[in-house]
Amino acid sequence: MDKHPAKHQLHPVLLLGHPGLREVCEPVSDLKDPGFIQEGKRLMFVLQQFRAEHGFGRAIAAPQIGITKRMIAMNLGEGPFLIVNPEIVWESEERFSLWDDCMSFPFLMVRLSRAASLTLSWQDQRGRPQLWEHVDRAHSELIQHEVDHLNGILAIDHAQDRDALIAREAYEADRSYYG
């Protein structure tokens with residue numbers, strides 16, 4: 001079995017405009033399926049590879065690498081793990097605005113609004129039910145972004161107005177202006 005399933009691919013993350021990013025993903029029904037297990041490993045590998053290459057990236061959704069299953073690889077600082085069949089079961093009425101970025105368009109920043117908190121129901125890669133209740137803003141926006149991917153929705157679809165899309169280079173050059 002290949003320990004580095006994505007090593008043969010130089011640029012495995014699908015970029016803005018690829019029709020695969022608009023696919024609605026199917027739930028994972030068999031977490032013991034060898035195909036699912038291999039895809040999960042590949043997704044986690046690509047996340048780590050992207051972080052090493054670009055210096056950012058906390059999560060990636062399966063459709064971003066052409067897998068139409070409801071799973072997300074996440075790394076919040078303690079190594080990658082899988083979130084399988086995530087479902088947002090509650091969102092706060094409170095919202096906040098932020099500049100969002102995405103591995104599928106790392107050259108863009110998008111100003112949008114997200115729920116300030118949420119509760120997420122999901123399974124870990126062994127099929128055990130998990131529940132994250134009332135997560136903070138940073139995790140709430142991340143989860144919303146990734147679950148959107150599973151539904152064929154991109155951050156650009158939530159852009160606040162005509163000035164809400166900018167080049168990352170412009171954003172990085174003057175963060176205080178876009179604050």
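1. Looking at the sheet that holds strand E2 (residues 71-75)
Strand order in this open sheet of five strands is E1-E2-E3-E6-E7, and the pairing throughout is antiparallel. On the outer flanks of this sheet lie strand E1 (59-61) and strand E7 (129-132), each paired with one strand and no other. With direction set aside, neighbouring strand axes in the sheet form an average angle of 35°. Against the sheet, helix H1 (residues 34-54) engages E1, E2 and strand E3 (80-91), with an angle of about 40° to E2.

2. As for a nonpolar patch on the surface
On the surface, a cluster of nonpolar side chains totalling about 270 Å² of accessible area is made up of Leu15, Leu16 and Phe107. Here Leu15 is to be found in the segment before H1.

3. Some details on the pairing of strand E5 (residues 108-115)
The element E5 is largely enclosed, with a buried count of six among its eight residues. The pairing of strand E4 (residues 95-100) with E5 spans six bridges and is antiparallel. Paired with Phe96 across the strands is Arg114, a residue of E5. The pairing of E5 with strand E8 (residues 165-167) spans three bridges and is antiparallel. In the strand pairing of E8, Leu108 is matched with Ala167.

4. Side note on the confidence of the model for the chain
Across the chain, the average pLDDT comes to 93, with 94% of residues at 70 or higher. For the stretch residues 1-9, pLDDT sits under 50, and the model shows 14 contacts to residues farther than four places along the chain or on other chains.

5. Things to note about the environment of Met71
For Met71, the position within the fold is in strand E2. Exposure remark for Met71: the relative accessible area of 0% places this residue in the buried category. Sequence separation between Met71 and Asp161 is 90 residues, and the spatial gap between their C-alpha atoms is 30 Å. In this structure, Met71 is in contact with Phe36, Glu39, Gly40, Leu43, Ala61, Ala62, Leu82, Ile83, Val84 and Leu150, ignoring residues within four places of it in sequence.

6. Some thoughts on the pattern of salt bridges
Per the stated rule, a full pass over the model turns up 10 salt bridges. One salt bridge in this structure joins Glu141 and Arg58, with 2.5 Å as the shortest N-O distance. Of this pair, Glu141 sits in helix H2 (residues 137-150) while Arg58 sits in the loop between H1 and E1, and the two are 83 residues apart along the sequence. For Glu141, a relative accessible area of 9% translates into the label buried. Judged by its relative accessible area of 32%, Arg58 falls in the partly exposed class. The residue Arg168 makes a salt bridge to Glu172 at a minimum N-O spacing of 3.4 Å. With Arg168 and Glu172 both in helix H3 (residues 168-173) and four residues apart, the pair spans about one turn of that helix. Since its relative accessible area comes to 15%, Arg168 is described here as buried. Each of Asp101, Arg168, Glu172 and Arg175 takes part in one network of salt bridges that share partners.

Rules used throughout
Residues numbered from 1 in each chain as written. Predicted model: local features only at pLDDT ≥ 70, side-chain atom pairs only at ≥ 80, totals over all residues. Heavy atoms only, no water. Pairing = 2+ DSSP bridges. Helix = DSSP H or I, 4+ residues; strand = E, 2+ residues; numbered from the N terminus. Axes fitted to C-alpha atoms, helices over the stretch in contact; angles between N-to-C directions. Contact = heavy atoms within 4.5 Å. Patch = residues over 30% accessible without salt bridge, like charges linked within 9 Å, V, L, I, M, F, W, Y side chains within 5 Å. Areas by Shrake-Rupley, 256 points an atom, 1.4 Å probe, with all protein chains shown as cover. Salt bridge = Lys/Arg side-chain N within 4 Å of Asp/Glu carboxyl O. Buried < 20%, exposed > 50% of the residue type's maximum accessible area, 1.4 Å probe, protein only. pLDDT = per-residue confidence, 0-100.

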